Amino acid sequence: MGRFFVSGATTQDSKPVTYISTRGEAASLTFEDVLLAGLARDGGLYVPETWPTLAPDTIASFAGKPFAEVAAEVMAPFVGSSIDKPTLLAMAREAYGRFGHPAVTPLVQIDRNRWVLELFHGPTLAFKDVAMQLLARLMDHALAKRSRRATIVGATSGDTGGAAIEAFRSSKRVDVVILFPDGRVSDVQRRMMTTPTEANVHAVAVKGTFDDCQALVKAMFNDHAFRDRMSLSGVNSINWARIVAQVTYYFVAAVALGAPHRAVTFAVPTGNFGDILAGWVAKRMGLPIARLVIASNENDILPRAHATGVYEMRSVVETSSPSMDIQISSNFERYLFEASGRDAGFIRGAMGALVQGRRFELGPCAGRFKDEFGAVSASEADVADAIRRAKAGSGYLLDPHTACGLVALERTTTQAGDPGIVLSTAHPAKFPDAMERITGERPPLPPRLSSLLVDRERFPVLENDLAAVKGFVEDAVRAAAAGAQ
Ligand SMILES: *Cc1c(COP(=O)(O)O)cnc(C)c1O
C-alpha cells in the first residue's frame, strides 16, 4: 500500500478512501459520508476497505512533533482526498489548542516501568474530548461543503454528553440535543452540559433512566420522516471518525517510549470497545505493540468472552467507574469483522443471535481474540486497592476507570524491561464521591474549571415522553435556523 501523501502540501497522490459495512449489505461510502451517516443502512459499522500502514521511519519521525501534526499524519490516510492535509492540520491545531496541557496527552511515570497516559486535559476532563473536539470541526467542514445543517441527538450517562456539547458549542452548522437521566449524573457532569450558553447546544433532563433516554433517541432515529426533516446525526462511540482520532495518542505515547525500536504494552479501560479498537488500528498500521489489554470493571462481558469464547450479556451492575458500566461493546463488531477474515455473513449471524438470545459464540474469532488481546476484570475492591497503593507509592491519584487499567496491566505478564502504559480516561475530580469513599478526600477541579460549580445552569426537565422530546428538538432546531439566517 502506497503512502497517500508525500510531504507538505503535496497531495496529488491523495485518493478517495472507501468504507465498507461489517454486515456487507450497505453501499460503500467515502470518509465524509461515513462521518455524517454513523451507522450503515444494513445495521453494520463502517470500516476502511483496506488498512493503511506507516513505515517505521515515518513512525520514528513523530518523535518530538506537536500532537496536532502527528494527528494530521495518522488521520490523512483514512481521510484521503475528502479533506486536504493543510486543512486537516488546521482543524487539529484548533481542536487540540483547547487542551490544558502543551503535550495534549502527557505521559507520567508512576513506577520503574509503568506510565500513565493522561487523556483528560480537554475541556470536560475525560478522554472523549480528544476525539470529539476534532469530530466537531470535521463535521462542520463536511456540512459546509454540502451547504447543510445537522442535528445531533444523543443520550448520555455522563461523559459523552458534556464532551459533545463542549465540542459543538462553537459550531455554525450543528445543533446538539443531549438527553440525560434527571438526578442520575454527577453535579460536575451535569454542569458541564448545562452551563454553556450558546443557542445551538441543549442538555435536557428526562424523568427516567439512561435506558429511557437511549430508547427516546432510538425512537427519534427510527421515525424516518422526523430523522430526515431534522437531519439527525449521531456522535456516539460507533462514529468512525472518533475511533480514528483516538489512534493518534497510541503513536505519540509509544514513540515517546522508544517505538518503533521498542514494543510497548497498553492497558485500556474499556466500555464500548472504542478506545481499545483505536489501539488495535495503530498496531494494524504498523506500530509495534507487545500487548493490548482490555481492562473492564465488574461488567466483564469482554473478559468472559476472552476466557470462554462465548459473548453473553448479563445485567449491568453499578460500579465506581460508571462510564464502563456497559453490557454491549458496540465497536467489538468491527474487530470481529477483521478477526473472522471479513466474513459479513458471520457478523450478521452473530448480531442476530445477540438480539434473539443475548449471546453468540466467537467461533472462528476466539483464537485470534485470545492471541491479540489480554482481558482483565477489576473488582470494586481491586479498584480501591489500586488507587490507595498508587497514592501511597508515588503520590499519583488515579480515577476509578484508570485504576481498572492499572489492575489489568499489573496482571499481564510483559517481557522484562518492556514499558507498560495505562490509558487514563478521566481526571479524578470528575468522580469526587467515589474518590472520597476510597481515599477520604475530594480531588479539586483544575483551576481552569474553577467557575464550573457557580456558573448559571440552563436546562428543561421533560417527561419520559417521545412527543414532548420531539417537540423540544423541533423548536430548538427552528430557533437555531432562524438565528443563523
Ligand atoms: C467512555 C469512557 C470509557 C470507555 O471507553 P470506550 O471507548 O467506550 O471503550 C472509559 N473511561 C471513561 C472515563 C469514559 O468516559
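Keep in mind that this is a model prediction, so the values were computed, not measured.

K.L.:
Give a description of the packing of aromatic side chains that names residues and reports values.
P.N.:
Within the structure shown, the criterion is met by 23 aromatic pairs. Centroid distance Y19 to F31: 6.4 Å. Interplanar angle 55°. Geometry classified as tilted. With Y19 in strand β1 (residues 19-21) and F31 in helix α1 (residues 31-37), the pair connects residues that are 12 residues apart, well separated along the chain. When its relative accessible area of 0% is taken as the criterion, Y19 is described as buried. For F31, a relative accessible area of 1% gives the class buried. Judged by centre distance (6.0 Å) and plane angle (65°), the ring pair of F78 and W240 falls under edge-to-face.

K.L.:
Now, about the site of the ligand: what can you tell me, with residues and values included?
P.N.:
Neighbouring the ligand are 15 residues, the closest being K128, D159, G271, N272 and T425. Take F273: an N or O atom from its main chain is 3.2 Å from an oxygen atom of the ligand. Isolated, the ligand exposes 390 Å² of accessible area, and the fraction of that covered by the protein chains is 97%. Along the lines of polarity and charge, the residues of the shell around the ligand split into 5 nonpolar, 7 polar and 3 charged.

K.L.:
Could you give an account of empty space enclosed by the protein, naming the residues involved and the relevant values?
P.N.:
In this approach a probe as big as a water molecule rolls over the atoms, and the regions it shows empty are the leftover space. This model, assessed by the stated rule, comprises 2 cavities of 30 Å³ or more. In this model, the second largest cavity occupies a volume close to 40 Å³. Every residue lining the second largest cavity is listed: T270, G271, S296, N299, I301, L302, M324, I326 and S329. The residue inventory of the lining of the second largest cavity, partitioned by class, reads 4 nonpolar, 5 polar and no charged.

K.L.:
An account of helix α17 (residues 400-410) is requested, with residue identities and associated values reported.
P.N.:
Among the 11 residues in α17, 10 count as buried, and that is most of the element. Listed as buried for α17 are P400, H401, T402, A403, C404, G405, L406, V407, A408 and L409.

K.L.:
I'd like a description of the pattern of salt bridges, backed by residues and values.
P.N.:
Under the counting rule described, the total for this entry stands at 32 salt bridges. Linking D111 and R114 is a salt bridge whose minimum nitrogen-to-oxygen distance equals 3.7 Å. As a salt-bridge pair, R411 and D382 come within 3.1 Å of each other at their nearest N and O atoms. Here R411 is found in the loop between α17 and β14 (420-424), whereas its partner D382 is found in helix α16 (residues 380-394), with 29 residues between them in sequence. A relative accessible area of 48% means that R411 is categorised as partly exposed. The class of D382 is buried, set by a relative accessible area of 19%.

K.L.:
An account of the packing of helix α4 (residues 85-96) against helix α5 (residues 128-145) is requested, with residue identities and associated values reported.
P.N.:
Put simply, α4 and α5 touch, their axes get as near as 9 Å, and they point 135° apart. Classified by the interaxial angle, the pair formed by α4 and α5 is oblique. Crossing geometry of α4 relative to α5 is assigned as right-handed. Counted together, T87, L88, M91, A92, E94, A95 and Y96 of α4 and V130, Q133, L134, R137, L138 and H141 of α5 form the full contact between these two elements. Its residues assigned to classes, the contact of α4 with α5 shows 8 nonpolar, 3 polar and 2 charged.

Parameters and conventions
- Residues numbered from 1 in each chain as written.
- Predicted model: local features only at pLDDT ≥ 70, side-chain atom pairs only at ≥ 80, totals over all residues.
- Heavy atoms only, no water.
- Phe/Tyr/Trp six-rings, centres within 6.5 Å; stacked < 30°, edge-to-face > 60°.
- Helix = DSSP H or I, 4+ residues; strand = E, 2+ residues; numbered from the N terminus.
- Buried < 20%, exposed > 50% of the residue type's maximum accessible area, 1.4 Å probe, protein only.
- Near = heavy atom within 4 Å.
- Polar contact = N/O pair within 3.5 Å; in protein donor to acceptor, adjacent residues only side chain to side chain.
- Areas by Shrake-Rupley, 256 points an atom, 1.4 Å probe, with all protein chains shown as cover.
- Nonpolar A, V, L, I, M, F, W, Y, C, P; charged D, E, K, R; others polar.
- 1 Å grid on protein atoms, 1.4 Å probe; cavity = no way out; pocket = protein on both sides within 12 Å on 5 of 7 lines; lining within 4 Å.
- Points joined across faces, edges and corners; volume = space filled by probe spheres on them.
- Salt bridge = Lys/Arg side-chain N within 4 Å of Asp/Glu carboxyl O.
- Axes fitted to C-alpha atoms, helices over the stretch in contact; angles between N-to-C directions.
- Parallel < 35°, antiparallel > 145°, perpendicular 65-115°, else oblique.
- Left-handed = near helix turned anticlockwise from the far one by under 90°.
- Contact = heavy atoms within 4.5 Å.

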